[in-house]
Each structure stands twice: as structure tokens, then as C-alpha cells.
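Fold and contact review
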Amino acid sequence: MKLWKRTVLLMLVTLLCALIPVGTLSLYITGKRSLNNAAETYGRQLENGKILLEQFWDNSKYEQMSETGKKAYMGFQFQRCCGSGMALIDKKSSTAIENLTDYKVVGIENLGLKNEKDPYAYKIQKLGKKYLLLQKVALSKPEGYEVLSVREVTGLFTELRQTAVWFAGIYLAVFLMAGLFIYMMMKRTVEQMEKLQEVAEKQELLMGALSHEMRTPLTSIIGYSDTLRHVKLKDEQKDRALEHINREGKRLEALSGKMLQMLGLYQNHAIQMEMTMAGDLLNHVIDMEKEQAEKKAVHLKMECEAFSMKMDPALMESLLINLIDNALKATDAGGSIWVKAYEKAGKKIFEVSDTGMGIPEEELGKITDAFYMVDKSRSRKEGGSGLGLALCVKVAEIHGGCLKIESRQREGTTVRAIF
Amino acid sequence: MKNKILVIEDDRAISELLCMNLEAAGYETVAAYDGEEAQRLLLWQEDADLAVVDIMLPGKDGFALMEDFKKKELPVLYLTAKDDVASKVKGLKLGAEDYMVKPFEMLELLVRIEKVLERTGRAKKVLTVRNILVDMQSHQVYKDGLPVSLKPMEYDLFVLLLQNKNIALGREELLKRVWGEDYLGESRTVDVHIGQLRKKLELYDEIRTIPKLGYRLEE
């Protein structure tokens, strides 16, 4: 099982362990208190009955009566002082002499109250589905008798049971909610973590590619300078060596420039969006690239609809320049490059198309990766660093757009930036 | 007769660097810049003695080229940026004589090339400079056809300089490679032996003192 699942399970078990004792305890306390209340009420009634009976009882009269008279007197006095729900018990025979309860009194000697003196002491007896509250108090007059109170408290227990069901329901709901919440939170955390890991892996890959890209020119630079120091060379060889050192150094410089640009893009605060006319942007870019195109004898043409867009002009410029540079590198003398800006289906599109060598289909997916080059030796010769398209994708992303590349080998490539 | 070395490397700068140094050290070089060109080159250059091969090449890569080299019984030294163990093991198991990782030291590459040539019996048995000839098999040095007697250390030192013709060698480097790592003498020893060589062989100008570096045998 994965760690996050185990964590969720552990948290839920802990929650359950906390909820169950709390619920049981509160239920027990509620039940105990309502029982005590009932016992107090009924105890007071019992106490009152006892006091009355003792007040009205005339021992001297009782002694002079016949057996039947005695019985009748006792019954009369008991009914006068104690109401329904009580029974008069003869201690010697443990039988009910007068019974005003709805039940038959059996085996009263085994009642086993905790404290016989306490009039509020009680005992619960279960009789079928009924719960009975039993209390007992001894009489001082007539001696040898006691009063038993039998009250039904089934209602209390039903109520308690209902409370328990409510408790269970609420706790279950809380438990499920908490469980869901924890699960979702953990899942999101884990997803975030995986995403971070992915980014870190990508970064590592990028660093690996970067160090390789830096190492190659450095190998040449160190190698040639070492050769110049140690080896006796002809003058033309010396010139060649210096030329190589110079070119590789420039390559490193270009690479570091592009890297800095990339890093700048990752720190978004430098971006300034403003409304810019597409025509102005294109004119500016064409002006900058004209010279290079003429040098390579490539026709550079533009076509533009009048619309404006919210953008960072410097970034958009670098995007277009990168695309045109790529097109220039891929196009041989006599070819042509079209730079277009138009609106289609509510989307603003910047397009750079060339009649160059094109990109093999299987490479299309990889060319936007940093440091990926389709033809390494050709690209190197043209001074490519393999970062241009990666940069373009990032710029398009910042403007909420994307890059679409279409290409046919030996026919040309079309790159559209769609916003 | 010079040993001929094929340099198969797609980075022009590094290819030229290799050729420049190998030629200065007294080898003949032929360069190819991709896999297919290397195959073509193999057909033409029957008499090559060794190939220095990059692995990541356009077209056929260095590993795939191994079959062609084997057919010609040409020893191969891989020189590549691939520095993982798996690639090294693969390269050597395929039958390469040696495997070197970029960035590399030119001096080390020269020594390794020399050793591969010796191992495969392709090293030149006779070295020459000006009017002096060294027969490596009989350990004899001739000047204008007449034998010159050199002490063992002088002979080793001279051969080392000859093998690295046109390349400057530091005093420490010479001490290490002629006298061995454990030798406790000081670098003055080298100067004394160099002086002896200059006198005995009359190579006063050819064995140049390079300030701050050491000595170089020039031709």
C-alpha cells in the first residue's frame, strides 16, 4: 500500500478511536443522570409516604385490634398514606401484604440495594421489554415492615436508545466527511508532489543537456589552446586554431544569452503587457531580419491584417525573431519566407512559413524540447543552440497561446503561434 | 612511413583539433564526419592502422560501424561524450581496443594511441629524426648510419621525445614516464640527460627548451 493511503487509513482509525469512547461516555453520563433524576423523584414520594405512615400509625390502637382488624387497619393506613406504585412488605415472610403496584412481588429478600439506609438508592430490573426502577425503605412504625416502590422507566431507556442512534448517525456523518476531506487533501498533496517531482526530473534532464552543450565547445576551446601552448604549429594551423577558439567561444556566448532569456521567462515579474498593433510588431521584426535574409539570398515577405493584441512586445519580438531565424537556417538561397499576422475564427494568429528543408515527421514532437536539434552538425554550423523553439513555446504560453508546427520534408515548414 | 589514423568525428572543430595534434605527433590522418563517409573511407584507406571514433555520429553510429572495422581488422579507439558505464562496457565488448571520454587530454590520447599500436603490433619499429634513426627492436641508435651508445635512461627519454614529436613535455611528465612514479630524484635529472642527448646526437636546436613547460623535439 502506498504511503499516502496508509496515512489516510491511520488518520481515520485515530478519528474512530476518538469518536467511539467520547460517544459512549456521553451516552452513559446522560443515561445515568436521567435515571438519578427519576430515582430522586420517586425516592421523595417514597420518603413522603413513609413519613405520613409513621405519623398516622397508632401502635396502641393496633395492639388492641383483632387479627382481621389489624389487617384492615394496616391496609387502610397504607392506602391513605402511600399511593399507587408502592407495596407494603412484611420483612419476616418477605411477602407483599398490601400491593398497589401493577406487578407481583417475588423474592424481595434478594433485592440487594447498595445502601439500605439511603432512600434514593435504586435498582433497575428488566422485565420482558419493560424496565422497572425498584426502591425500598424500612418503616420504624409498624416495626418489621418496609415499603417497596416499583416504577416503570421504560420511557427513559427508549429515549436513551434514540439518543444513541442520533449520536451514531452524527458521528458517522462527521467520520465520513472527515474521511472524504482527508482523502481529498492527501490526494491533492500527492498529486502536487508528483508534479513537483516531474518538474525536478525535467530540470535535471535540462541541466544534463545544458552541461553537455557547454562541454562540447569547451572541449574544443581547451583542446586548441592547449595545442597552441604545447605543439609546434605552422602559422596557418595557428590561425585555424584561433578561429576555432573564437567561434566556439561565440557559441558559448550565444548559449548563455539564450539561457538567460529562458531564466528571465521563468521569473514572471519582468513581463509588461501592453496593447500593440500586429503591423508595428511585424515591421519591426522584418527590419531586424532583412539584412540576414539578404545575406543568404532568401526572400523575406510579410502580410498583415490590422488588429492589435495585448502582449509584451519585447517577448513577442523574440518569438518571431527566433522563428524567422529557424526558417532562415533551414532555407537555402533562392527560397522564401512568409511572415503573416491574421485573425481567424476569433483567434489571433502569427505565422512564419518557409520553403526550406522541412522537419522529419517523427521528430516533430521533440523539436520543442530544450537542446533538441534535428540535424546536429548542420545546426551547430549555423550557430544554433537548440533553445530557440523551447523559448518560443514558453513565450506563447505566457501570452495564453500555443505553438502549432506543420512540416513536409523538402517542401517547407509552417509555424503558427495561436492566441 | 608514418602510421595512418582515421579520425571519425562529426564535430568539425574537434576533428580538426585531433588531426592537427596527430599530424604534429608524426601520424598521417584522414577524417570522416559521419557514419556513411566513414564506411566509404574504409574501402579506400586499406593501409590505415587505427581509427579514433566518436559514438554519436549522424547516419551510422560508432557502435554500428564496429562490424566494418572488424572486417578490416582495424583497431578502434572510441572517443566520445558518452560517459556512462553501460556505453563503456558495450564499446569494449564490441571489440574496441580502448574507450576515452570527452573532454579529454590530448597527451593521454596520444599515449593511448601509441599503446594500442604497440599492442596490435602496428607501431613503427623504426623512428627517425633528421639524420638519426632509432631501431626499437634492437634498441640501437644510429647517427648517419653509425651506432651511437646511449645510456638506458637516455635511450628511453629520447624514444619518448621521438614518439611525441613536436609536442612539448613537462619535466615532471618526463620524470614520471621515464623514471617511473616512485623515482625520488629532482627534475634537474631530466635537464642533465637532455644535455647528454643534445651533445651525443648533436641535436642542439631540435631539442628545444620551452620556458616554463619543458622540452620539445622539433622537426
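Residues numbered from 1 in each chain as written. Chains lettered and ligands numbered in written order. Predicted model: local features only at pLDDT ≥ 70, side-chain atom pairs only at ≥ 80, totals over all residues. Heavy atoms only, no water.

Let us look at the overall build of chain B. Looking only at helices and strands, chain B has eight helices and 12 strands in total. Residues classed as buried in chain B amount to 52% of the 219 residues present. Put simply, 57% of the contacts in chain B that link residues at least 6 apart link residues at least 24 apart. With the model as given, the accessible surface of chain B reaches about 10600 Å², and the carbon-plus-sulfur share is 50%. (Helix = DSSP H or I, 4+ residues; strand = E, 2+ residues; numbered from the N terminus. Buried < 20%, exposed > 50% of the residue type's maximum accessible area, 1.4 Å probe, protein only. Contact = heavy atoms within 4.5 Å. Areas by Shrake-Rupley, 256 points an atom, 1.4 Å probe, with all protein chains shown as cover.)

Often the size quoted for an interface is simply the accessible area lost on bringing the parts together. Residue-level contacts link 25 residues of chain B with 22 residues of chain A. Three residues, E16, L17 and M20 of chain B, lead the burial of chain B against chain A; their summed loss comes to 26% of the area buried on that side. At the boundary of chain B with chain A, the tally comes to one salt bridge. Where R240 of chain A meets E16 of chain B, a salt bridge forms, and the shortest distance between an N and an O atom there is 2.5 Å. Where chain B packs against chain A, one counts eight residue pairs in polar contact (both at pLDDT 80 or more). Ranked by residue count, the leading element in the side of chain B that touches chain A is helix α1 (residues 12–24) of chain B, at eight residues. Class assignment of the residues belonging to the side of chain B that touches chain A gives a composition of 13 nonpolar, two polar and 10 charged. (Buried area = accessible area lost by both parts, 1.4 Å probe. Salt bridge = Lys/Arg side-chain N within 4 Å of Asp/Glu carboxyl O. Polar contact = N/O pair within 3.5 Å; in protein donor to acceptor, adjacent residues only side chain to side chain. Nonpolar A, V, L, I, M, F, W, Y, C, P; charged D, E, K, R; others polar.)

Grouped together as the largest cluster of nonpolar side chains are 36 residues, with contacts concentrated most on L319, L320, I337, V339, F350 and V352 of chain A. Contributing elements (two or more residues each) for this core: α6 (278–296), β8 (308–311), α7 (313–330), β9 (336–344), β10 (347–354), α9 (388–398), β11 (402–408) and β12 (412–418) of chain A. With nine residues, the single largest contributor to this core is α7 of chain A. Judged by nonpolar contacts, the second largest core, of 29 residues, contains Y27, L50, M100 and V116 of chain B. (Core = buried A, V, L, I, M, F, W, Y, C linked by side-chain atoms within 4.5 Å.)

A surface patch of nonpolar side chains, about 330 Å² in accessible area, is lined by L25, Y28 and I29 of chain A. Residue classification places Y28 of chain A among the exposed residues on the basis of a relative accessible area of 54%. (Patch = residues over 30% accessible without salt bridge, like charges linked within 9 Å, V, L, I, M, F, W, Y side chains within 5 Å.)

We now examine the packing of aromatic side chains. Residue and element names in this part refer to chain A. Tallied over the full model, the rule gives 11 aromatic pairs over all chains. Ring centres 4.9 Å apart and planes at 50° place the aromatic pair W57 and Y62 in the tilted group. Neither W57 nor Y62 differs from the other in exposure class; each is buried. (Phe/Tyr/Trp six-rings, centres within 6.5 Å; stacked < 30°, edge-to-face > 60°.)

All names here are of chain A. Strands sit in the order β2-β1-β5-β4-β3 across an open sheet of five strands; the sheet is antiparallel. Since the sheet does not close on itself, it has two edges, and those belong to β2 (95–99) and β3 (123–127), each with one partner. Geometrically, the sheet is characterised by an average inter-axis angle of 35° between neighbouring strands, direction not taken into account. Along the sheet face, helix α1 (residues 3–56) touches β1 (86–90), β3, β4 (130–138) and β5 (145–152) and points at about 40° away from the line of β4. (Pairing = 2+ DSSP bridges. Axes fitted to C-alpha atoms, helices over the stretch in contact; angles between N-to-C directions.)

Counted by the stated rule, this structure contains 28 salt bridges over all chains. The partner of K136 of chain A in a salt bridge is E146 of chain A, and the shortest N-O contact between them spans 3.5 Å. Of this pair, K136 of chain A sits in strand β4 while E146 of chain A sits in strand β5, placing them 10 residues apart in sequence. Taken as a pair, K136 of chain A and E146 of chain A share a single burial class, namely buried. For E218 of chain B, the salt bridge goes to R216 of chain B, with nearest N and O atoms at 3.0 Å. Here E218 of chain B matches R216 of chain B in class, with each residue buried.

Residue and element names in this part refer to chain B. The buried fraction of strand β4 (residues 76–80) amounts to five of the five residues, a majority that puts the element mostly inside the structure. A two-sided burial pattern is seen for β4, the buried positions comprising V76, Y78 and T80 on one face and L77 and L79 on the other. Sheet topology places strand β3 (residues 50–53) next to β4; three bridges connect them, and they run parallel. Counted as the bridge partner of V53 is Y78 from β4. Summarising the sheet, β4 and strand β5 (residues 98–101) pair through four bridges and their orientation is parallel.

Here we come to the pairing of β11 of chain A. Residue and element names in this part refer to chain A. Burial along β11 is one-sided: the residues L403, I405 and S407 are buried and none of C402, K404, E406 and R408 is. Strand direction decides the pairing type here: β11 and β12, joined by seven bridges, are antiparallel. Residue pairing for β12: I405 is matched across the bridge by V415. Linking β11 back to β12 in an antiparallel pair, the connection comprises three residues, with R410 at a positive phi of about 70°.

Our focus in this paragraph is the sheet that holds strand β2 (residues 28–32) of chain B. Residues and elements named next belong to chain B. The five strands lie next to each other as β2-β1-β3-β4-β5, forming an open sheet whose pairing is parallel. Sheet topology places β2 and β5 at the edges, where each strand pairs with a single neighbour. Across this sheet, the average inter-strand angle for adjacent strands is 20°, counted without regard to direction.

Feature annotation in UniProt assigns "transmembrane region" (unreviewed entry) to the following positions: residues 164–186 of chain A. Across residues 164–186 of chain A, helical content stands at 100% and strand content at 0%; the span's end C-alpha atoms are separated by 32 Å. (UniProt positions renumbered as here; feature names shortened; annotations may be inferred.)

So, on to helix α7 (residues 171–179) of chain B. Residue and element names in this part refer to chain B. Buried residues of α7: L174, L175, V178 and W179, and no others. Down the axis, α7 shows its buried residues gathered within 100° of arc, on one side only. Structurally, α7 contributes buried residues whose contacts are with α6 (152–163), β10 (169–170), α8 (188–201) and β12 (214–217). Count one or two residues on from α7 and you reach G180, which has phi positive near 100°. (Arc of directions from axis to C-beta.)

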